[in-house]
Amino acid sequence: MPPARRAVRLLVLALLLCGLPAGCAAPGARPADPAVRKAVADWAAAPPARLAGIPLEGWSYEVTSVRRDGVRAFARAALHYRLAGYDTAAADARREVELARDGAGGWRVTADRPAPGAPPLLWDQGAVTAVRGAHALVLGVGQPARTLSAIAERADRAVPAASAAWPRPWAGRAVVLVPATLDAMAALLGQPADAYRGMGAVTTGRVGAGPAPADRVVINPEGYAGLSEAGRDIVLTHEVTHVATRAATSATTPLWLSEGFADWAAYRATDRTPAEAAPELARAVRRGELPGALPADGDFAFGGDPEALARSYGGAWLACRLIAAKWGDAALVRLYERAGRAPLPAALEEVLGTDEGALVGLWRGALREQLG
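Rules used throughout
Residues numbered from 1 in each chain as written. Predicted model: local features only at pLDDT ≥ 70, side-chain atom pairs only at ≥ 80, totals over all residues. Heavy atoms only, no water. Helix = DSSP H or I, 4+ residues; strand = E, 2+ residues; numbered from the N terminus. Expected span 1.5 Å × (residues − 1). Buried < 20%, exposed > 50% of the residue type's maximum accessible area, 1.4 Å probe, protein only. Axes fitted to C-alpha atoms, helices over the stretch in contact; angles between N-to-C directions. Parallel < 35°, antiparallel > 145°, perpendicular 65-115°, else oblique. Contact = heavy atoms within 4.5 Å. Nonpolar A, V, L, I, M, F, W, Y, C, P; charged D, E, K, R; others polar. Pairing = 2+ DSSP bridges. Left-handed = near helix turned anticlockwise from the far one by under 90°.

Draft legend 1. Local environment of helix α6 (residues 229–245). Taking 1.5 Å per residue, 17 residues should reach 24 Å; α6 reaches 25 Å between its end C-alpha atoms and fits that length. Among the 17 residues that make up α6, 14 are buried, leaving the element largely enclosed by the rest of the structure.

The structure is reproduced here in structure tokens:
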């Protein structure tokens, strides 16, 4: 048999006998890779003791590559975990695990950090304090326990409020992260701090088909501290509503409907008038600057003109408020559901029996009447 063909047969036989999943090195892998991978697996068999106060489950590191540098090794890995009782799907994070040779010639983990270019996890920023509420888990770093407890109380009110506005199945619970500073918040989200300056909170999560994601409400401690008591309730209800509606939200859902619905859920139990809740838009209308169209998706971008952003949010809320008042709360919910599966014109026609032009006309009339 020619040497080349014999080598191929021997390689196939070796793969069949050991099987890559059982730990044999892939072709081209360094001989030390299986030992490094095993050291990472052994180390990651359970969450670190310092995270004992966080209800973690499904904890695992999936090593994707190994790089050797003398007596050190660096393993790139995907961390998968869930917060027990809160996450129905795994949260993921890109990590880099550093290892060093131990005295017996094996490997031991010496450091675990975000992979280059990946955002940190909350516990990378310091010791985490966990506060459980009836409907929420609040995790904070560098915050007094009383602050976290107060946020948990508000989140416990926000979850039922979101459920009342969104009478569809959802987890009925929320996870709130409270970093120490605005800069720390921005780092968690992988964005510059200016993108969130002045905001009270944001929600993370994937949209589209698939299992329910592991959403997080992330507090901006500086913006949140500047809110009134009522303002804090409104912000948390708004963000928790995003968690509630996540499964029905997709790339086809216009942001005016997504953000407007969340504000509608947050304001519906308050006695604020449109002029009080949307003062920036009210000032524009009184100046004769009546918007000609519903806010576009780009109008909700962070980091721009805060007055313009506030006008977009106010206009979106008043559009959803108009739909609920004219067609009913249930119709607004159905419109949200349908707009996540079909283009907006089809959703408007199917659910409300109207088109966008007619809706905009009604909305502009309501703005003149309520804000002028």
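Now, onward.
Draft legend 2. Focus on the packing of helix α7 (residues 255–267) against helix α10 (residues 306–327). Two numbers describe how α7 lies on α10: the axes approach to 7 Å, and their chain directions differ by 75°. Looking at the two axes, α7 sits roughly perpendicular to α10. Residues W256, L257, E259, G260, F261, D263, W264 and Y267 of α7 form the contact with α10, whose own contacting residues are Y313, A316, W317, A319, C320, R321, I323 and A324. Split by residue class, the contact of α7 with α10 holds 12 nonpolar, 1 polar and 3 charged.

Draft legend 3. Representation of the sheet that holds strand β4 (residues 107–114) in the model. One open sheet accounts for 4 strands, arranged β1-β2-β3-β4; its pairing is antiparallel. Each having just a single partner strand, β1 (56–69) and β4 make up the two edges of the open sheet. Strand-to-strand twist of the sheet, defined as the mean angle between neighbouring strand axes without regard to direction, takes the value 30°. The pairing of strand β2 (residues 72–83) with strand β3 (residues 91–101) spans 10 bridges and is antiparallel. Directly across from R72, in β3, lies its bridge partner A100. Sheet strands touched by helix α2 (residues 33–43): β1, β2, β3 and β4. Its angle to β1, the strand with the most contacts, is close to 155°.

Draft legend 4. Up close: the sheet that holds strand β9 (residues 216–219). Strand order in this open sheet of 5 strands is β5-β6-β7-β9-β8, and the pairing throughout is mixed. Looking along the sheet, the strands with just one partner apiece sit at the ends: β5 (128–132) and β8 (201–204). When strand polarity is set aside, the average angle formed by the axes of neighbouring strands in this sheet is 20°. Here β5 pairs with strand β6 (residues 136–141) via 5 bridges, running antiparallel. Residue A130 lies in a different strand from β6, and its bridge partner there is L139. Strands in contact with helix α3 (residues 145–165) are β5, β6 and β7 (174–178); relative to β6, the strand with the most contacts, it is inclined by about 150°. Strands β7, β8 and β9 of the sheet are contacted by α6, whose axis makes an angle of about 10° with β8.

Draft legend 5. Spatial organisation of the packing of helix α11 (residues 329–339) against helix α12 (residues 344–352). Viewed as axis vectors pointing N to C, α11 and α12 meet at an angle of 150°, and their least axial separation amounts to 9 Å. In this structure, α11 meets α12 at a crossing whose hand is right-handed. Contact residues: A331, R334, L335, R338 and A339 in α11; A347, L348, E350, V351 and L352 in α12. Residues belonging to the contact of α11 with α12 are distributed by class as follows: 7 nonpolar, no polar and 3 charged.

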